[in-house]
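Structural characterization, general
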Amino acid sequence: MKIREWAVRAVDAVAEWQANWGAYAAHPSLAVDPNALARGLAELSERLTGNYPFFHPRYAGQMIKPPHPVAVVGYLATMLINPNNHALDGGPPTAAMEREAVDALARMFGFAEHLGHLTSSGTIANLEALFVARESQPGRAIAVGAESHYTHARMGHLLGVTTRSVPADARGRMDLDALAELLAGGEIGTVVATLGTTSLGAIDPLDAIVPLARAHGVRVHVDAAYGGFYALLAGVDPDGLDPAPWRAIAECDSVAIDPHKHGLQPYGCGAVLFRDPAVGRFYRHDSPYTYFTSGDLHLGEISLECSRAGAAAAALWLTQRLLPLSAEGLGAVLAANLRAARAWARRIEASEALTLYQPPALDIVNCFPTLERPAMTAIDAASAAVLHAGMREADPVFLSTLRITNEAMRQRHPAVIDDAAGARILRSALMKPESETWVTWLHDRVAGLAARARAGALPMPRA
Ligand SMILES: *Cc1c(COP(=O)(O)O)cnc(C)c1O
């Protein structure tokens, strides 16, 4: 689809609506000099060239990619009106679209009843879930996996709730024995499981965590900010994405998901869903500024945030119309990511230059240069050298690094000598379906760099 053409159509459609309200003169204080704008835009365009090419398959670093053009067009059209989804009066159509889009997320997770809304991010979505956790289980602590997102501990601090870290197993998943031991202590009120950790894409065994938690009267929140949309492939992935953890989401108390990660949306789009709508009672709402013209529950009454972009809801809603939450719709995008990650992992395993850190559970591939004397210090230096040379050389490749502990390395590669406290290894998020056709290029490029790092032929960046 040609974004240029559809952007013009979107602007025209809004202008047509605006024209119905009668002409009025724009205030002179808002006027700008077209030449100054041209200069400003030229400078902006120039400064934007300082970005890494997130859109291109040669970029496989962080979880960043442009939104789908459909989302851009939906966002643009709506932004010209700029509704605020805090209250129904702030934009009735986008409030309705938010409900419909969140209902679709609820159906994807198998929630029958639910209370949910969009948030500006996964962090805020998780914050709301932890807030409800605190209110539901006053005085009790929250258990989070050692590999969970760093913001859980931060938000626990903010909420004045103790968080306890549950050690990870040799694949970066929450260790069930350690969890059982922690729950037996009686201190925990809520467990936070992660479906798709940010570092490794690891999937906590939610299907086992839920019964364990229930046996202790403990709630379960799922942080599916990154991996949540892979629920679309549960039971349909031919190469064995185990459906059980994804199906167990339906039994959990709450779930967070980031449409701005795998849902093709621009930043500013997270979501939180609660299985029991009665948790709405925890949100105190006594804003004197909002006049309600309807008796319906307002999104602002069940959200910690006040102003939120109606455009984010419209963009998500429009995207769901074109790429629905099904295995054939958005699922086809995710399936290509999985195939890319698996294909690259197979190549790494067959390679002399790279060592696979662990098999990818989703679309994140972690590896490190194979060295004659594998020691943490050398692996760290070689990984950093590959990262930096990859970005700077002609025909660049963009990766990221992940810091791992000696213990984590020992669990997977016991032969590695731990001569330092941890090391950086290479990490790639294959978030774009186009990566699939670039796997050979990616592998050859990175393996080539790793071979040069081993031969001491790459410049070593400072640690
Ligand atoms: C990205 C991520 C978050 C944080 O979400 P933001 O939208 O970046 O605030 C939380 N948990 C997981 C597992 C994530 O991958």
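Residues numbered from 1 in each chain as written. Predicted model: local features only at pLDDT ≥ 70, side-chain atom pairs only at ≥ 80, totals over all residues. Heavy atoms only, no water.

In this section: the environment of cysteine 306. Residue position: cysteine 306 is located in the loop between strand E7 (270-274) and helix H11 (310-322). Given the relative accessible area of 45%, cysteine 306 is considered partly exposed. Residues cysteine 306 and valine 210, spaced 96 residues apart in sequence, show a C-alpha to C-alpha distance of 33 Å. Ignoring any residue separated from it by four or fewer positions in sequence, one finds cysteine 306 in contact with Asn84 and His86. (Helix = DSSP H or I, 4+ residues; strand = E, 2+ residues; numbered from the N terminus. Buried < 20%, exposed > 50% of the residue type's maximum accessible area, 1.4 Å probe, protein only. Contact = heavy atoms within 4.5 Å.)

A cluster of nonpolar side chains, Val11, Trp17, Trp21, Leu80 and Ile81, forms an exposed patch at the surface whose accessible area comes to about 520 Å². Turning to its location among the elements, tryptophan 21 is positioned in the loop between helix H1 (3-19) and helix H2 (34-48). A residue is classified by how much of its surface remains accessible, and tryptophan 21, at 64% relative accessible area, is exposed. (Patch = residues over 30% accessible without salt bridge, like charges linked within 9 Å, V, L, I, M, F, W, Y side chains within 5 Å. Areas by Shrake-Rupley, 256 points an atom, 1.4 Å probe, with all protein chains shown as cover. Salt bridge = Lys/Arg side-chain N within 4 Å of Asp/Glu carboxyl O.)

The subject of this paragraph is the domain arrangement of the protein chain. Annotation of the protein chain at the domain level lists domain 1 (77-322) and domain 2 (331-454). Taken together, the contacts link 26 residues of domain 1 with 19 residues of domain 2. Interface area, domain 1 with domain 2, both sides summed: about 1800 Å², of which 61% is carbon and sulfur. Interface area lost by domain 1 to domain 2 is led by Arg171, Leu200 and Tyr230, which between them contribute 30%. One can count 0 salt bridges joining domain 1 with domain 2. Taken together, the links from domain 1 to domain 2 amount to 7 residue pairs in polar contact (both at pLDDT 80 or more). (Domains from an automatic or database assignment. Buried area = accessible area lost by both parts, 1.4 Å probe. Polar contact = N/O pair within 3.5 Å; in protein donor to acceptor, adjacent residues only side chain to side chain.)

This paragraph deals with the site of the ligand. Among the 14 residues in the neighbourhood of the ligand, the closest are listed as Thr123, Asp223, Asp258, His260 and Lys261. Separating an oxygen atom of the ligand from a backbone N or O atom of glycine 122 is a distance of 2.8 Å. One of the side-chain nitrogen or oxygen atoms of histidine 260 is found 2.7 Å away from an oxygen atom of the ligand. Sorting elements by how many residues they give to the shell around the ligand places helix H5 (residues 122-136) first, with 3 residues. Grouping the amino acids of the shell around the ligand by side-chain chemistry returns 2 nonpolar, 9 polar and 3 charged. (Near = heavy atom within 4 Å. Nonpolar A, V, L, I, M, F, W, Y, C, P; charged D, E, K, R; others polar.)

Aromatic ring pairs: the centre-centre distance and the angle between the two ring planes describe each pair. What the rule picks out here adds up to 7 aromatic pairs. Between the aromatic rings of tyrosine 52 and phenylalanine 54, the centroid separation amounts to 6.4 Å while the plane-to-plane angle is 80°, which identifies the pairing as edge-to-face. Of the residues examined, tyrosine 52 reaches a relative accessible area of 43% and is grouped as partly exposed. Judged by relative accessible area, phenylalanine 54 falls into the partly exposed class, the value being 21%. Seen from their ring centres, tyrosine 52 and phenylalanine 398 are 5.4 Å apart, and the 55° between their planes marks the pair as tilted. Of the two residues, tyrosine 52 sits in the loop between H2 and helix H3 (69-79) while phenylalanine 398 sits in the loop between helix H13 (376-392) and strand E10 (400-404), which places them 346 residues apart along the sequence. Clustering of aromatic rings is evident, with ring pairs tying together Tyr52, Phe54, Tyr59 and Phe398. Seen from the ring of tryptophan 6, arginine 9 lies directly overhead, with NZ or CZ sitting 4.2 Å from the centre. (Phe/Tyr/Trp six-rings, centres within 6.5 Å; stacked < 30°, edge-to-face > 60°. Lys NZ or Arg CZ within 6 Å of the ring centre and 35° of its normal.)

Right, let's talk about the nonpolar core for a bit. Ranked by size, the top nonpolar core spans 59 residues in total, and within it Val191, Leu206, Trp246 and Ile249 carry the most contacts. Of the residues forming this core, the biggest block, 6 residues, is contributed by helix H4 (residues 92-109). Structurally, this core is a two-domain feature, drawing no fewer than three residues from each of domain 1 (77-322) and domain 2 (331-454). If we skip the residues at most four places from it in the chain, leucine 206 touches Ala193, Leu195, Pro211, Val220, Val222, Pro245, Ala248, Ile249 and Cys252. If you look at the next biggest cluster of nonpolar residues, it comprises 43 residues, including Phe368, Ala408, Ala450 and Ala453. (Core = buried A, V, L, I, M, F, W, Y, C linked by side-chain atoms within 4.5 Å.)

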